[in-house]
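Structural overview
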Amino acid sequence: MIEIISNVIISIGIFFLIIGVFGIYKFKDFYRRLLVSSKVDTVGAITILIGVIIRHGFSFFSAKTLLILALILILNPLTAHILLRTAYVSGHLLENEDNKKGD
Amino acid sequence: MLTLYVVSPILLAVFMYLFTNDKAAKIIAILAQLALIIASFNLFLQARTYTVSETVGNYYSVTGIRLNVDGLSSILILLTTLIFLTITIYNFAEKKSKLFWLLMFIWEGSLIGIFMTGDFFNRFVLMEVSTIISTILIMYNRKHRSLYDGLYYLIINVISVQFYLLGVGYLYRLTGTLDIYEATYRIPHIDPSLLVLPYALIMTFAALKCALIPMTTWVPKALATAGAPPTVLAVMSTVQMTSGIYLFIRMHYVFGDFANNAIFAFVGASTSIVGIFMAISQKNIRHMLSYLAVVQFGLIIFGLNTGDEYSRIGTTYHMINNAIAMAALFLGTGIIIEKYQTKDLDKIQGVLKSAPITSYVLIFAFLSIFATPFLNGSVSKQLIIRDMDILGTIIMYIISLGSMVIFFKFSSIFFGKSKIEESESETLKMEIQEFSIIPLGLLCILGGIFSREAIGIFFNAYKSINIAENIQHGVIFVISIVIAFFINKLIKKDTPILKKLQTYDMGIRGIILSVGLFFAFILLIVGF
Amino acid sequence: MTTLIVILWLVCSVFVIFEKKIVRMILWLFLSSIIASIIYLLLGSPDLAMAEATASAFVTIIFVIGFEKFFNLRDMKKYLKDEKEIEKENKFKRYILPAIISIGILVLFINFAIPVEQNDYLKNLILDRFTIDIGGENAVTAIYLGYRVYDTIFEALLLVIAVVAVVHMSNFDITKVNDGKHSELETSGMALFLVRIVAPITIIFGVYLIANGFLSAGGGFQGGLAIACFFVCRFFIYDIYDLPIKKINRLEDFIFIIIVAMAALTIFAGLIQQVPYRFMTLAQEIYLFVMNALIGIKVALGFIILFYRYVAIERN
Amino acid sequence: MNYFLWILVVLILLVIFRVIKGPTIWDRVLAFNLISHKFIIFIVIFASIESTTFLLDLAIIYALFGFLGEIFLIMFLADRVRGGKEE
Amino acid sequence: MSNVELVSIIVFFLAFYALVTNRNIIRTIIFSSLMEVSVITFWLSIGFRERLNPPILYTMADYEHIYTADPVTQALMLTAVVIGIAVTAIKTIMFITLYRKYKTTDWDLARIRKTEG
């Protein structure tokens, strides 16, 4: 039973990841791609790890997975933030949806 | 405790680097060298009768790293300590920092380790250590260093060592062991078609280390780089390059009957002959000497792969003689270059008057190299020739002739009038330096006169040269020296070919490509 | 599974080679190394996967600092102008001939690389014996610190030499920089705060790797690099170069001496085999732990020096 | 569980196309970030299949070191890239 | 021949090709790093079987060690990785100093400037 539940949760996470990958091809602007992919990716990772934790129950394995989850929670948005900030500071411009240069 | 020979210089070096000053370091260095030479002589005496063998940590069978010292390696260890003692004395009056001694001692330790180890992978690690240390040391002078040469030398070595590593991988898969002696027993039972690849891969690296053609061009980069201390070059041209030959000998021994001698005899001979032309064309003393080293190493490879026991003993003896002569040449020219502040062959004149001792040592070293009767070089060459066929004999004499021409070109520095003034402060330093190279010159003479005894001690084989051979050799020697003199007169005019040869330099791409081509060449010949 | 990841690795390697811009090459190399480390994991060697992942990150850091000047277009243009100074080679000689030769050698190589089962002699011998001879539960650590500790000493020596070489090769003699060149990125408050949280995790994790080295995957080298990673984080946070490099350097050399002495006393002299049978396991575990810790500290110090040397002095 | 690994590898392959294509360096770094995170998940699922705890250490190493290398690259790119042009 | 071995050899010769054709010192350094990675991968593929277990005591399922990875190659390659990093650091610093001196990233141009003085 636990196996099935965890498999379903992991499948949902994988689905999020697929959406994230779809996102980096759908949008034509870097900032939009960053927004979509990093958010969805983080959500997917969290979901998958929760699935793995459920699968292993209350054990050392789960504790370690929890640590990884915490790390991903910190590091993934942080990377996205620094990436965006640096791109913006160094003058990478926003583009409109129909590929015209904005201000 | 064989590990002590390797670990103690390294430990001492780091200890010295941390806790002493420059002056104390110098004295400790000399004392340590003396102790090491005594210890290695003791080891040599032991190894004469039986192979000293030890597994690091006394582990079962081949699980650990096995160290082996047999006759050949004990001789080379003795040679290493001898040369390091010489250069320690040579450097005594110079201001060298602790760093120099640190690197030198680690280098010595790693070289002794290379001669000792009986493990494929350990050899790779030690080779990397010695390569990197020699790279730092040839660029020791911060002001005059040539980074291009250093980078070239480092990168070609690092890339070609990957071929060796691949070869060891294939060999490990076949034999299931990393121990060289264990592998030697197993290889005869393996299907020969499986051995082609590891043989070609390992031999490619060995050939690069021996500076065989077409991978010769790294030698002048290492041995003639601007600003390298002569002591470093003395070690580089002798022990470091001999470690390449040692690798070659050991690997050929591992492959036993599978090893193909004919190719390497051919490649060695052609290396020597090309090296002669390159050396004659040079105007820079160090370039000339570095190509002379190439000639000698080609000759050694040629001697190793032709003939029988006699030529093998002769070649091994020649390896030692060559090392002593090369060390004398590089140290002697170091004195001269420092005195004249130039490396140009045409600008140096009258050395015989301004530095008589140095020039006599240089002359004896050269005489030894081109096999003058009664010197050690002639004994070893006659031993090589003894059982060779006609073609091999002719090639050997041609190489001797070429060395003579090189000598005549070089000898222009001895005559004429010297244009430099003596400075008082430098004399003591020079005296110590000259004092340090006298033993090397003496060894050239002693090794010739007492050749029978020397070969007896070194190889447990009493093989001497009879009178008829001596007379024959003497006649050919006189004839060839006359021919060489006239050839030297002929080539004095600047021919365009020589000028082209003088500036010839293979870039990094060329040498990497030639490593690959050499590998393919061996694969093709051995495989089909 | 392995096949697909190997193909990924091949794709990345191809792009390392045919990419024109240096930054992209570094990125591809990083990616290629990381995929390679996944391959190592699938081949059953988590130790090496860890080592490769840490090493590739450090190599990337070195490359980024070293080749920083050649990132932008202007330098590349200048480089192209340089190229015109030398006489032009024709395309056949420069690209097509080497390609033909390389493919030829590759075909020859594959022709002679006859598939054959591995000879398991040494592997079985070691797997059967390592718990008795060396102790611990990780066979890789047992070989690294036991059977082949002689190699490990030279490896540690090579790191000492690398530090010496980096100091010697550089044009700068300075070892202490109080106010170096600051990074241009005005780190935001959020980033600072989060890096501050991450930094202690790295050091704890490094200690954990070192301490657990002989029981599971990991060990001195990987843990040492993780500790060095803490100092990289420190560089992110404070942006200053106030480490006493000279003292660290001396400490590193000193620890190297201790490592060699320790190996010489216990393994080379065979002291560890003299221990009474009752205390054997304990002695072995103490040996493995101490040796791992020493190597970890040495590696950490070495890489801290290398990193600071590059980032504080060579960037100017 | 094995299917998840296959899907992840295919996803990684898809993201690699973004690294190849990505018009700016920022796209490449972003795609790289996604790949390294997918690898972390890959390792966690792999460890879960094998039920070996120490493989998770590798995932932590990936998280920490992938992050560090990436951040370093980004930081040094900052003053090298101006005006939105790549490199 | 396993896939891993085949691809690692292909990558080895790709790096070889790249080293032969390029003239840029930076690239030479990066390609030689790639070559090292390929050689390490080759070594690990020596005892290739599907689903190998790590050589750690409690994961080794069988007593004949058929499905246990070879610890020897791993320990050797751990050494090779460390050597690789040390060499890379040295190469990079040498390149930086060379660039300061000759102001070029080109092998041939560096040689020309060296002989000019």
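Residue indices follow the written sequence of each chain, beginning from 1 at its first position. Chains carry letters from A onward and ligands carry numbers from 1 onward, assigned in written order. Only residues with pLDDT of 70 or above have their local features reported here, since the model is predicted, and side-chain atom pairs are shown and tallied only from 80 upward, although totals for entire chains, interfaces and linings are computed over all residues. Neither water nor hydrogens contribute to the side-chain values; these are computed over all heavy atoms in the structure.

Remarks on the overall build of chain C
Numbering of helices and strands starts at the N terminus; helices are DSSP runs of H or I of at least 4 residues and strands are runs of E of at least 2. Across its full length, chain C carries 12 helices and zero strands. Note on classification: 1.4 Å probe, protein chains only; a residue is buried when its accessible area is under 20% of the maximum for its type, exposed when over 50%, partly exposed between these limits. Across the 316 residues that make up chain C, the buried fraction comes to 65%. Any two residues whose heavy atoms approach within 4.5 Å are treated as being in contact. Long-range pairs, those at least 24 residues apart, make up 75% of the contacts in chain C between residues at least 6 apart in sequence. Accessible surface is estimated by sampling points in the Shrake-Rupley manner with a 1.4 Å probe; for residues, cover comes only from the protein chains shown. Approximately 11,300 Å² of chain C is accessible, and the part contributed by carbon and sulfur atoms is 66%.

Observations concerning the domain arrangement of chain C
Residue and element names in this part refer to chain C. On domain assignment, one finds that chain C holds domain 1 (1–85) and domain 2 (135–316). Listed per partner, the contact involves 11 residues of domain 1 and 15 residues of domain 2. Here the quantity called buried area is the total loss of accessible area, with a 1.4 Å probe, experienced by two parts when brought into contact, counted for both. Taken as a group, Asp47, Phe58 and Ile65 account for 46% of the area that domain 1 buries against domain 2, more than any other trio of residues on that side. A side-chain nitrogen of Lys or Arg and a carboxyl oxygen of Asp or Glu constitute a salt bridge if their distance falls within 4 Å. Here domain 1 and domain 2 share zero salt bridges between them. The definition of a polar contact used here is a pair of N or O atoms within 3.5 Å, where within protein one atom must be able to donate a hydrogen and the other to accept one, and adjacent residues in sequence count solely through side-chain atom pairs. Summed over the shared surface of domain 1 and domain 2, the number is two residue pairs in polar contact (both at pLDDT 80 or more). Three classes are used: nonpolar for Ala, Val, Leu, Ile, Met, Phe, Trp, Tyr, Cys and Pro, charged for Asp, Glu, Lys and Arg, and polar for all others, with Gly counted as polar. Grouping the constituent residues of the side of domain 1 that touches domain 2 by class yields eight nonpolar, one polar and two charged. Throughout the structure description, domain borders are defined by an automatic or database domain assignment.

So, unusual backbone geometry
Most peptide bonds are trans, and most residues other than glycine sit at a negative phi. Residue Pro214(B) is reached from Ile213(B) by a cis peptide bond, and omega for that bond is 5 degrees. Among the secondary structure elements, Pro214(B) is positioned in the loop between helix H8 (192–209) and helix H9 (218–223). Here Ala211(B), not a glycine, exhibits a phi torsion of approximately 60 degrees, which is positive. Within the fold, Ala211(B) resides in the loop between H8 and H9. A positive phi angle is found at Ser51(D), which is not glycine, with a value near 55 degrees. Relative to the assigned elements, Ser51(D) resides in the loop between helix H2 (25–50) and helix H3 (55–78).

Section: the nonpolar core
We call a set of buried residues a nonpolar core when its members are Ala, Val, Leu, Ile, Met, Phe, Trp, Tyr or Cys and they connect through side-chain atoms within 4.5 Å of each other. In terms of nonpolar packing, the biggest core is built from 466 residues, with Trp218(B), Phe72(D) and Trp43(E) touching the most fellow members. Of the residues forming this core, the biggest block, 21 residues, is contributed by helix H3 (residues 71–102) of chain E. Structurally, this core is a two-domain feature, drawing no fewer than three residues from each of domain 1 (1–85) and domain 2 (135–316) of chain C. Not counting residues within four places of it along the chain, the set of residues in contact with Phe72(D) comprises Ile61(C), Val64(C), Ile65(C), Val232(C), Phe235(C), Phe236(C), Phe307(C) and Val311(C).

Re the side chain of Ser411(B)
With respect to the secondary-structure elements, Ser411(B) resides in the loop between helix H17 (390–410) and helix H18 (424–449). In terms of polar contacts, Ser411(B) uses its side chain to reach the backbone carbonyl oxygen of Phe408(B), at 2.8 Å.

Points about the pattern of salt bridges
As enumerated under the stated definition, the model contains 17 salt bridges over all chains in all. In this structure, Glu3(A) and Arg55(A) form a salt bridge, with 3.6 Å as the shortest nitrogen-oxygen distance. Of this pair, Glu3(A) sits in helix H1 (residues 2–26) while Arg55(A) sits in helix H2 (residues 30–56), placing them 52 residues apart in sequence. One salt bridge in this structure joins Asp57(D) and Lys64(A), with 2.7 Å as the shortest N-O distance. Here Lys64(A) lies in helix H3 (residues 60–89) and Asp57(D) lies in helix H3, a pairing that spans two chains.

Examining the pairing of strand S2 (residues 66–69) of chain B
Residues and elements named next belong to chain B. The alternating pattern of S2 places Arg66 and Asn68 and Leu67 and Val69 on opposite faces, both of which are buried. As defined by bridge partners, strand S1 (residues 52–55) adjoins S2 across four bridges and the pair is classed as antiparallel. The partner of Ser53 across the bridge, within S2, is Asn68. Here the rule is simple: two strands pair whenever DSSP picks up at least two bridges between them.

Notes on the packing of aromatic side chains
Each pair of aromatic rings taken from Phe, Tyr and Trp, with Trp reduced to its six-membered ring, is defined by centres within 6.5 Å and is described as stacked if the planes are under 30 degrees apart, edge-to-face if over 60, and tilted in the remaining cases. Considering all chains together, one arrives at 52 aromatic pairs over all chains under this definition. An angle of 70 degrees between the planes, with centres 5.5 Å apart, marks the rings of Phe67(C) and Phe95(E) as edge-to-face. Taken together, the residues span two chains, with Phe67(C) in the loop between helix H3 (46–66) and helix H4 (73–85) and Phe95(E) in helix H3. For the pair Phe67(C) and Phe95(E), one class covers both residues: buried. Seen in terms of ring centroids, Phe221(C) and Phe303(C) are 6.4 Å apart; in terms of plane orientation they differ by 65 degrees. Their pairing is edge-to-face. Of the two residues, Phe221(C) is situated in helix H10 (residues 220–238) and Phe303(C) in helix H12 (residues 280–314); the sequence distance between them amounts to 82 residues. The same class applies to Phe221(C) and to Phe303(C), which are both buried. Consider the ring centre and the ring normal. A charge sits over the ring if Lys NZ or Arg CZ is within 6 Å of that centre and within 35 degrees of that normal. One residue, Lys26(B), lies across the ring of Phe92(B), its end atom 5.7 Å from the ring centre.

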